[in-house]
Amino acid sequence: QVQLAESGGGLVQVGGSLRLSCAASGFTLGYYAIGWFRQAPGKDREGVSCISGSGGKNYYADSVKGRFAISRDNAKNTVYLQMNSLKPEDTAIYYCAAMPAVGRLGERWSRQYEYNYWGQGTQVTVSS
């Protein structure tokens, strides 16, 4: 069964850090691009970051560049999102998603309809 499961969310103060995990089962992460998306209260879901299936290209939204870092551990079939210097506007439910692609994605990385599988989400709250 194909599944994605997020973990690592929680409550953190402004300027703090969290590391989110996206664990896959039923398929091999190495053959998929993995994206992170988030949805804040009253707002549309937006792309945050993506790592290519080959692991050779990372993508970031302008709002998180220099603060967030995406990585993968294929041996553990897991993708991580390291979030540093957190701001109140980072408060959202964070989702990971899988796209069956191994090459470069360009602007495709942030298009939600490109992803076949989605996790249930994990809540990140940054206090002000």
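Remember, predicted model here, so these are calculated numbers, not experimental data.

## Quick look at the sheet that holds strand E7 (residues 68-73)
Then, number 1: Here we have four strands laid out as an open sheet, ordered E1-E3-E8-E7, and antiparallel in their pairing. Strand pairing shows two members of the sheet lacking a second neighbour, strand E1 (3-7) and E7, which therefore form its edges. Averaged over neighbouring strand pairs, the angle between their axes works out to 15 degrees when direction is ignored.
Then, number 2: In this structure, E7 lies alongside strand E8 (residues 78-83), joined through six bridges in antiparallel fashion.

## Observations regarding the packing of aromatic side chains
The relation between two aromatic rings is expressed through the spacing of the ring centres and the mutual angle of the planes.
Then, number 1: In the structure shown here, the tally under the stated rule is seven aromatic pairs.
Then, number 2: Seen in terms of ring centroids, Phe-37 and Trp-118 are 5.0 Å apart; in terms of plane orientation they differ by 50 degrees. Their pairing is tilted. Of this pair, Phe-37 sits in strand E4 (residues 33-39) while Trp-118 sits in strand E10 (residues 117-118); the two residues are 81 residues apart in sequence, bridging distant segments of the chain.
Then, number 3: Overall, the relative accessible area of 0% leaves Phe-37 in the buried class.
Then, number 4: Taking 6.2 Å as the distance between ring centres and 15 degrees as the angle between the ring planes, the aromatic pair formed by Tyr-59 and Trp-109 counts as stacked. Highlighted residues: Tyr-59 in strand E6 (residues 58-60) and Trp-109 in the loop between strand E9 (92-99) and E10, separated in sequence by 50 residues.

## Here we look at the pattern of salt bridges
Then, number 1: Across all of its chains, the model carries six salt bridges by this definition.
Then, number 2: Salt-bridge contacts for Lys-65 lead to Asp-62; the nearest nitrogen and oxygen are separated by 3.2 Å.
Then, number 3: Here Arg-111 makes a salt bridge to Glu-107, at a shortest N to O gap of 4.0 Å.
Then, number 4: Look at Arg-111 and you get partly exposed, because its relative accessible area is 32%.
Then, number 5: The class for Glu-107 is exposed, based on a relative accessible area of 62%.
Then, number 6: Via salt bridges that share partners, Arg-38, Glu-46, Arg-67 and Asp-90 belong to a single interconnected network.

Each value, and the rule that gives it
Residues numbered from 1 in each chain as written. Predicted model: local features only at pLDDT ≥ 70, side-chain atom pairs only at ≥ 80, totals over all residues. Heavy atoms only, no water. Pairing = 2+ DSSP bridges. Helix = DSSP H or I, 4+ residues; strand = E, 2+ residues; numbered from the N terminus. Axes fitted to C-alpha atoms, helices over the stretch in contact; angles between N-to-C directions. Phe/Tyr/Trp six-rings, centres within 6.5 Å; stacked < 30°, edge-to-face > 60°. Buried < 20%, exposed > 50% of the residue type's maximum accessible area, 1.4 Å probe, protein only. Salt bridge = Lys/Arg side-chain N within 4 Å of Asp/Glu carboxyl O.

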